[in-house]
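Results of the structural survey
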Amino acid sequence: ILNVEQSPQSLHVQEGDSTNFTCSFPSSNFYALHWYRWETAKSPEALFVMTLNGDEKKKGRISATLNTKEGYSYLYIKGSQPEDSATYLCAFNDYKLSFGAGTTVTVRA
Amino acid sequence: SQTIHQWPATLVQPVGSPLSLECTVEGTSNPNLYWYRQAAGRGLQLLFYSVGIGQISSEVPQNLSASRPQDRQFILSSKKLLLSDSGFYLCAWVPGTGGTEAFFGQGTRLTVV
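Residues numbered from 1 in each chain as written. Chains lettered and ligands numbered in written order. Predicted model: local features only at pLDDT ≥ 70, side-chain atom pairs only at ≥ 80, totals over all residues. Heavy atoms only, no water.

1. Considering unusual backbone geometry
Cis rather than trans, the peptide bond between Ser-7 of chain A and Pro-8 of chain A has omega equal to -5 degrees. Looking at the secondary structure, you find Pro-8 of chain A in the loop between β1 (5–7) and β2 (10–14). Backbone torsion omega between Trp-7 of chain B and Pro-8 of chain B reads 0 degrees, so that peptide bond is classified as cis. Positive phi, normally seen in glycine, also occurs at Leu-97 of chain A, with a value near 55 degrees. The topology assignment puts Leu-97 of chain A in the loop between β9 (86–93) and β10 (98–99). (Helix = DSSP H or I, 4+ residues; strand = E, 2+ residues; numbered from the N terminus.)

So, in structure tokens, the structure goes:
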């Protein structure tokens, strides 16, 4: 079973603060790294698909970086808002598309 | 445009009864297809994936099986459900060429009683 690790498991952020969290994955057989925003019992919403080492992507206040050589990706949320509260999943795509356990973000007003 | 249909949305089944969840994709061909289950503290647990008709890979030994009788149809089955099979199941697809996001069905909430 492929090990896709996310840390921390959960975090609490004050509204307006910025935060970041990590996804680590095997550095071999890399094809793509995905990030999703997920609310339990709903369909995950895609944020980014990253394929190249050194990729940096941005969507509004959320951005992500990718290091395929060392096997990690960071997701950043700038100026957190209550609507950013969700679980953020990363997935390693080597055709199996294996997900990490997620980082649950709670933004306090 | 591509769409994915997953049904039923909710299902209540007695222990020992069979199960069939269906997922179909429209607007694409030769997709990679996936079945996931939401597992407590484990995010989305990959159950099965398929890169072509009749090709099924199982990730976790369990009471479930999967089949892909047609290019855009993926079925999750069980002959006899266990209480532990209760959960939220998601079907997903990724273009066979890869490089893009996964598209998910709406999910099935299965309760085994």
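2. A few points about the interface of chain A and chain B
Often the size quoted for an interface is simply the accessible area lost on bringing the parts together. If you look at the interface, chain A gives 21 residues, while chain B gives 25 residues. Between chain A and chain B, a total of about 1900 Å² is buried, with carbon and sulfur atoms accounting for 61% of that surface. Run the count over chain A and chain B and you get one salt bridge. Connecting chain A to chain B are three residue pairs in polar contact (both at pLDDT 80 or more). Contributions of two or more residues to the side of chain A that touches chain B are made by β4 (32–38), β5 (45–50), β9 and β10 of chain A. Considering every element that reaches the side of chain A that touches chain B, the biggest residue donor is β4 of chain A, with three residues. A per-class count over the side of chain A that touches chain B returns 13 nonpolar, six polar and two charged. (Contact = heavy atoms within 4.5 Å. Buried area = accessible area lost by both parts, 1.4 Å probe. Salt bridge = Lys/Arg side-chain N within 4 Å of Asp/Glu carboxyl O. Polar contact = N/O pair within 3.5 Å; in protein donor to acceptor, adjacent residues only side chain to side chain. Nonpolar A, V, L, I, M, F, W, Y, C, P; charged D, E, K, R; others polar.)

3. With respect to the pairing of strand β3 (residues 19–24) of chain A
Residue and element names in this part refer to chain A. Here β1 runs beside β3; their pairing, made up of three bridges, is antiparallel. Across the sheet, the residue bridging to Glu-5 is Ser-24, located in β3. Of the pairings in the sheet, the one linking β3 to strand β8 (residues 72–77) comprises six bridges and is antiparallel in character. Paired with Asn-20 across the strands is Tyr-76, a residue of β8. (Pairing = 2+ DSSP bridges.)

4. Examining the state of the cysteines
One pass over the structure, following the stated rule, counts two disulfides over all chains. Cys-23 of chain A shares a disulfide with Cys-90 of chain A; S-S distance 2.0 Å. Negative torsions about the S-S bond denote left-handed disulfides, and the value of about 75 degrees found for Cys-23 of chain A with Cys-90 of chain A makes this one right-handed. With Cys-23 of chain A in strand β3 and Cys-90 of chain A in strand β9, this pair connects stretches of sequence that are 67 residues apart. Accessibility classification places Cys-23 of chain A together with Cys-90 of chain A in one group, the buried group. Put simply, Cys-23 of chain B and Cys-91 of chain B are joined by a disulfide, and their sulfur atoms are 1.9 Å apart. Around the S-S axis, the bridge from Cys-23 of chain B to Cys-91 of chain B shows a dihedral of about -75 degrees and counts as left-handed. Note that Cys-23 of chain B is positioned in strand β3 (residues 19–26) and Cys-91 of chain B in strand β9 (residues 87–94), a separation of 68 residues in sequence. With respect to class, Cys-23 of chain B is no different from Cys-91 of chain B; both count as buried. (Disulfide = S-S within 2.5 Å. Buried < 20%, exposed > 50% of the residue type's maximum accessible area, 1.4 Å probe, protein only.)

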